[in-house]
Structure formats: structure tokens, C-alpha cells
Amino acid sequence: MKKLVNSKQMKAIDAYAIHTIGIPPLVLMENAAYSVVSCMEKSISKEDIILVVCGSGNNGGDGLAAARILLNRGYQVDVFLAGNPAHLSEETATQLKILENLEMVIWNHLEEVNFANYTILVDALFGIGLERDIEDEQAAVIAEMNTHEGIIFAVDMPSGISADDGKVKGTAVRADYTVTFGEEKVGQILFPGSEYCGTLVVTDIGFPPSAVDSVASEFYRYEKMDLARLPWRRAYSNKGTFGRVLIVAGAKNMSGAAYLSALAAYRTGAGLVEIMTVESNRLILQGQLPEAILTTINPDLLDTTEEKEKIKQAVGRSDVIVMGPGLGVSDKAKKVLDFVTLYAQVPLIVDADAINIAARYFNTFPLMRGNTCLRLNELNNSLPKGTILTPHLLELARLMDQPASDIQDNLLKTADSCTKDTDLVYVLKDARSVVAYEDERYLNYSGNNGMATAGTGDVLTGILAALIAQGMDSFEAAKLGVYIHGLAGDVAAAKKNRYSMIASDVVNGLEDVLGGMI
Ligand SMILES: NC(=O)C1=CN([C@@H]2O[C@H](COP(=O)(O)OP(=O)(O)OC[C@H]3O[C@@H](n4cnc5c(N)ncnc54)[C@H](OP(=O)(O)O)[C@@H]3O)[C@@H](O)[C@H]2O)[C@@H](O)CC1
Ligand SMILES: [K+]
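Nothing here was measured: the structure is a model prediction, and the numbers come from that model.

Rules used throughout
Residues numbered from 1 in each chain as written. Chains lettered and ligands numbered in written order. Predicted model: local features only at pLDDT ≥ 70, side-chain atom pairs only at ≥ 80, totals over all residues. Heavy atoms only, no water. Near = heavy atom within 4 Å. Polar contact = N/O pair within 3.5 Å; in protein donor to acceptor, adjacent residues only side chain to side chain. Areas by Shrake-Rupley, 256 points an atom, 1.4 Å probe, with all protein chains shown as cover. Helix = DSSP H or I, 4+ residues; strand = E, 2+ residues; numbered from the N terminus. Nonpolar A, V, L, I, M, F, W, Y, C, P; charged D, E, K, R; others polar. Donors = N, O, S within 2.8 Å, 3.2 Å for Na, K, Ca; no water. Tetrahedral: all angles 85-135°; square planar, octahedral: opposite > 155°, others 65-115°. Buried < 20%, exposed > 50% of the residue type's maximum accessible area, 1.4 Å probe, protein only. Pairing = 2+ DSSP bridges. Patch = residues over 30% accessible without salt bridge, like charges linked within 9 Å, V, L, I, M, F, W, Y side chains within 5 Å. Salt bridge = Lys/Arg side-chain N within 4 Å of Asp/Glu carboxyl O. Lys, Arg positive; Asp, Glu negative; His and termini not counted. Charge placed at Lys NZ, Arg CZ, Asp CG, Glu CD. UniProt positions renumbered as here; feature names shortened; annotations may be inferred. Contact = heavy atoms within 4.5 Å. Right-handed = clockwise from strand over helix to strand, strands pointing away. Disulfide = S-S within 2.5 Å.

### Quick notes on the site of ligand 1
Looking at ligand 1, there are 22 residues lining it, with D62, H87, G127, R132 and D156 nearest. At 3.4 Å from an oxygen atom of ligand 1 is found a main-chain nitrogen or oxygen belonging to G57. One of the side-chain nitrogen or oxygen atoms of H87 is found 2.7 Å away from an oxygen atom of ligand 1. Bound to the protein, ligand 1 loses 82% of the 910 Å² it would expose on its own. Sort the elements by how many residues they give to the shell around ligand 1 and helix 3 (residues 58–72) lands first, with three residues. Here the residues of the shell around ligand 1 sort into nine nonpolar, seven polar and six charged.

Spelled out as C-alpha cells, the structure:
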């Protein structure tokens, strides 16, 4: 598990190291500069001509110190002080004085600098201290840097990317490498920041563990060693030991979603998977997945005691229920969901059409139009404890009755609204999914853009259900499930490629992930 921090938390770690422990800021700055240079030295040569672009804050100070180290080591290096000289921080002023004493070339105005003369750029304009949108001269500097053809090394953050949420503040440097200090920043994990970072290199610049531990953070991500969290499989076992999953899915002609969800549940270790669907899907599902038990219902007879009893029995014998994949949004599908929700006392995985059905239902009440709070409360009151909702951004927009662009722009704030006063777990599916429960925020760092293909969401539901069926708590299952799903997608991309891979390749990838082959 890796802790992630926002700018406020990182500044608090800096402050603890400096003021409580007594490490002089210039020591940290020197270490930061050395770590930037040692990363650069893996890619540069003495033939390169390097320009270090510096702002007036401490990020600029890191850049000035790096320029000095490069000069000392015999590299050809100039400096462009693009920040306001009247605003130099104390440490940055010290670094500048040293460079002046060394008679280094220091440009002060954009018009003086010919970027084409340089083969390598170092971006030390802004780090975690970026506070407002970049405009005017600073924006022009970044525009010049982004048209440059050589390698760009960013110091701590690509300038213009918010360390808090990965958003571009006006404009931002597109780096090839970002050398960051101490802890990974939230804005380096979320998009678009993650993409602007290029290759992210995390370096130790001497923050003592006590400084890091002194600051709590709600953000973290998993890494490979977190696969050890997988539920332990007892030797003395039978299929009942590993739980029973019910998948309520697949309207007429939509059996594929039910199949992918059920297959993924089996491949993640569920003991038994039952699919509740319509009779017309029976033959195809039995042919595709004979291991699954089928219960078929007749949507035209939902008011009869017999059909209701069938649903009640199936719900009653399950440990976890997936509702939604390929279900459609008809009134009959809503009725099935109403019965399942009424009878269920185990966690549900609410996905796809189940979310769309809830959104449509809310829209029938004038009071609920645009009232996100009321909608989320209603969900909380009607769904069993431990339920996981897995909306992608469009589904979430419908559910909350808000523009999708607002949700995309404010993913972390959206997570805060979703988890306020609720027992539900939210998986906000995006290129970097956020799993949110109470005050904790898990940011997922596995997966790739090849997974943006039909059916991968169905696969995720099966993985989550299987983990819960094997005894995991819902929040842990959601985090680990999202992580495993992404890793399985990475295996699929490596075996096929990001263009050709399809959802069933992600299911096949589970074998390597769960078999410890990655
Ligand atoms: N503290 C430490 O111990 C350590 C810190 N370290 C390093 O320091 C970095 C943080 O330094 P920081 O806090 O000085 O902030 P930083 O990123 O340089 O930016 C502030 C400057 O930018 C300016 N500015 C901001 N927004 C702007 C805008 N939109 N448009 C224009 N100007 C804007 C702002 O100007 P002002 O608001 O004063 O006009 C101010 O001058 C950190 O990322 C790491 O690299 C390491 O050395 C390790 C030890
Ligand atoms: K920077």
C-alpha cells in the first residue's frame, strides 16, 4: 500500500522535517537537486545543452541547485529565471547568489531565450506551491517548452498540474520524466496529471519516517505486494466454503453481460455462481458456462406468487448479489430489482442498468430533480449495508442528476458527496477509478486504455462478488477487486495488445494475476 498526499499534506511533511526535526530546508533542496541530476544522468550526455527553467519559489530553487550540480559535473547548462525576481523565496535567493558567483548564464526574459539551442529542458517553474491558473508570460514559457523536441525533466511536478487532483491549471508542461520528492502526489496518479508526468520517479530526499507519519492522508493506492490481501483458501473446504454468488442480469438478447460477470466470479474463486435471467437466455448460457446454475424468470408473470417466490429463494441462498449487467431499463427489469432489494440481506453489487433504473425512477419525482443529496440518501436507505455501487461517470451523472463534465472535473469532491452519511461503498469508474468509503480514498493505478471496451465493467462485478463471497469485507473487496481487474487488463494488453484485447481477455488475465505470475 502506498500513501499518496496532496499539496497541503506534503507541505505539512516538509514543515515537520524542517521545524520539528530541524533539518535545514537547504539540505532538503540539495538532496532534491542531486536526485533530479541522478535521474537525468541515465538519459543525458556531455554533448547535450541543457536549459533549466526556474520559477521564484522553492521549486525554482531546486532547479537552480540542479543547474549548479550539472555545471560542476561538466555539463553544458544555462538557466532561465522565468519567475518574478521580486518574489524569490529565501532558499531560492541563496541558490541564485551561488550561480551568480559561479558566473553562470542566467536569462531573465523569454525574448532572450532561444529554446532551439537546447537539447534538454528542466522544468523547475512550479511544484506543489502552484496556487492559481497560469497566465500571460508564464503560460508563454510553458507553450515554448511544450513545442521543444528534446527530453523534458520536471522537478517534483510538471508545472501547471495541480498536486491535489491532477487538473491542468491553465496550462501545463508535458514532461518525459517527473522526479518527485518523498511521497507520490494525488495529482500524479489521477488524470490528466498522470499523463503529463511521463515516467514518474519517486526519490528519497531525506524526510525522516516520523515526518511522513506525522501527517495523515486519506489517499492511497495498492501495489503488487497487496495481492497478499487475497482471501486465504482453506485446505479443508467444499464449494460452500467459497460462497455463493447470484447474478441478476441479462435481458433478452443480452446474455453476454451475465456470462462475463459469472465467468469472472468463477475465475476469481467463487464456490458457486447462479444466474437469474430470462428463459430465452438459458440455452446460450448453459452452452457457454455449464458450471453456472440457472434460474429463469418470466418478466410477464412477475406479479404471480410463483415468480416472486423464485426470486425470494434465489436471493435467500446467496452470499452476495450482482444486479445490473445487461438487464435493460424496462419497467419489468425495475420490478425484478425491487423484489431483489426487498428480500436481500447480503451486500449487493449495483452496476450498469441497475444504476440507470434508479436514476430513471428518481426522475419521476419532481422533488428529486437536481437534488443529489436526496437521491443519495434514498439509495442509502434502500440498499443493504455493505452494498457496492460501481457507476462509470455517465451513470453517476444520471444517478446524481448532474452534468457528467462537473463530475469528471471534480471526481474527488464527487466521492465526498457520495460517501457522506452512508454505509455504501462507491467505485467511481474512470481511467483511474476511485474507491470511496467513509473518509478513505483508494486511487487505482493498475489497468490501461485497452480496457475501454464493452464488457470489462461486467467482469469487474464478477470479481467483486467473488471476493465478497469468499468472506472479504465490501470495502476491501472493492479496492482489491478494482486493482486485480486492472492488473488482469494489463496482462491482457501484454498478451494481445491495447487495440485488440476484449473483455474475455481480461478474464483470462485473472489466471496470471491470481496465480502469482506477474
Ligand atoms: N519546502 C521545502 O522544504 C521543500 C520544497 N521543495 C521544493 O519546493 C517546491 C514547493 O515550493 P514552494 O512552496 O515555494 O512553491 P513553488 O511550487 O515553487 O511555487 C511557488 C511560487 O510560484 C509562484 N506561483 C504560484 N502559482 C503561480 C501562478 N499560477 N502563476 C505565477 N506564479 C505562481 C509563487 O509566486 P507568488 O504567488 O509569490 O507570486 C511562488 O513564487 C516543491 O514542489 C519542491 O520542488 C524541495 O526543495 C524540498 C524541500
Ligand atoms: K516543476
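### A word on the coordination of the potassium ion (ligand 2)
Protein-derived coordination of the potassium ion (ligand 2) comes from N59 (OD1), D123 (O), F126 (O), V155 (O), M157 (O) and S159 (OG), at a distance range of 2.6 to 3.0 Å. Here the potassium ion (ligand 2) is ringed by six donor atoms whose angles at the metal span 66 to 168°, and the overall shape comes out irregular. Positions of the donor residues of the potassium ion (ligand 2), expressed as sequence spacing, correspond to N-x63-D-x2-F-x28-V-x1-M-x1-S. One end of the pair, F126, is in the loop between strand 5 (120–124) and helix 5 (136–147); the other, M157, is in the loop between strand 6 (151–155) and strand 7 (177–181), with 31 residues separating them in the sequence. Taken individually, F126 and M157 each receive the classification buried, so the pair is uniform in this respect.

### Some remarks on the pairing of strand 1 (residues 2–5)
Pairing of strand 1 with strand 10 (residues 219–221) involves three bridges; the strand directions are antiparallel. Across the sheet, residue L4 finds its bridge partner in strand 10, namely F219.

### Considerations on a negative patch on the surface
Together, E111, E112, D133, E135, D136 and E137 give the surface a local cluster of negative charge. By secondary structure assignment, the location of E111 is in the loop between strand 4 (106–107) and strand 5.

### A closer look at the pattern of salt bridges
Scanning the entire structure with this criterion turns up 23 salt bridges. Across the pair E223 and K2 runs a salt bridge whose closest N-O atoms are separated by 3.9 Å. Separated by 221 residues along the polypeptide, E223 in the loop between strand 10 and strand 11 (244–248) and K2 in strand 1 bring together distant segments of the chain. Assessed through its relative accessible area of 30%, K2 is described here as partly exposed. Across the pair K496 and D505 runs a salt bridge, and its minimum N-O distance is 3.8 Å. Taking the relative accessible area as the measure of exposure, D505 reaches 11% and is therefore buried.

### Examining the UniProt feature "binding site: K(+)" (unreviewed entry) in the protein chain
According to UniProt, the feature "binding site: K(+)" (unreviewed entry) maps to N59, D123 and S159 in the numbering used here. Taken together, the annotated residues stretch across 101 residues yet fold into one region, lying no more than 9.5 Å apart by C-alpha. Positionally, N59 belongs in helix 3. On the basis of relative accessible area, N59 is assigned to the buried category, the value being 8%. Position of D123 among the secondary structure elements: in strand 5. Among the residues examined, D123 registers a relative accessible area of 0% and is labelled buried. Apart from the residues lying within four places of it in its own chain, the contact partners of D123 are V53, N59, M145, I152, F153, A154, V155, M157, P158, S159 and V173.

### Overview of the pairing of strand 12 (residues 272–278)
Counted residue by residue, strand 12 has seven buried out of seven residues, so it is predominantly covered. Bridge count for strand 11 against strand 12 is five bridges, and the pairing is parallel. Pairing of V248 across the sheet is with M276, part of strand 12. For the segment spanning strand 11, helix 9 (residues 255–267) and strand 12, crossover handedness is right-handed. Relative to strand 13 (residues 293–297), strand 12 is paired through five bridges, and the arrangement is parallel. Opposite I275, over in strand 13, you have L294 as the bridge partner. Once the chain exits strand 12 it traverses helix 10 (residues 282–288) before rejoining the sheet at strand 13, and the crossover so formed is right-handed.

### Description of the sheet that holds strand 4
A sheet is described by the order of its strands in space; here seven strands give the open sequence 4-3-2-5-6-7-9, paired in parallel fashion. Looking along the sheet, the strands with just one partner apiece sit at the ends: strand 4 and strand 9 (199–203). Bridge count between strand 6 and strand 7: three bridges; the pairing is parallel. Looking across to strand 7, one finds that V155 is bridged to V179.

### Some details on the state of the cysteines
Any covalent bond linking the sulfur atoms of two cysteines counts as a disulfide. Going through the model one piece at a time under the given rule, you end up with zero disulfides. Lacking any disulfide linkage, C39 is separated from the closest cysteine sulfur, that of C197, by 12 Å. Of all cysteine sulfurs, the one in C418 lies closest to C373, which takes part in no disulfide; the gap is 11 Å.

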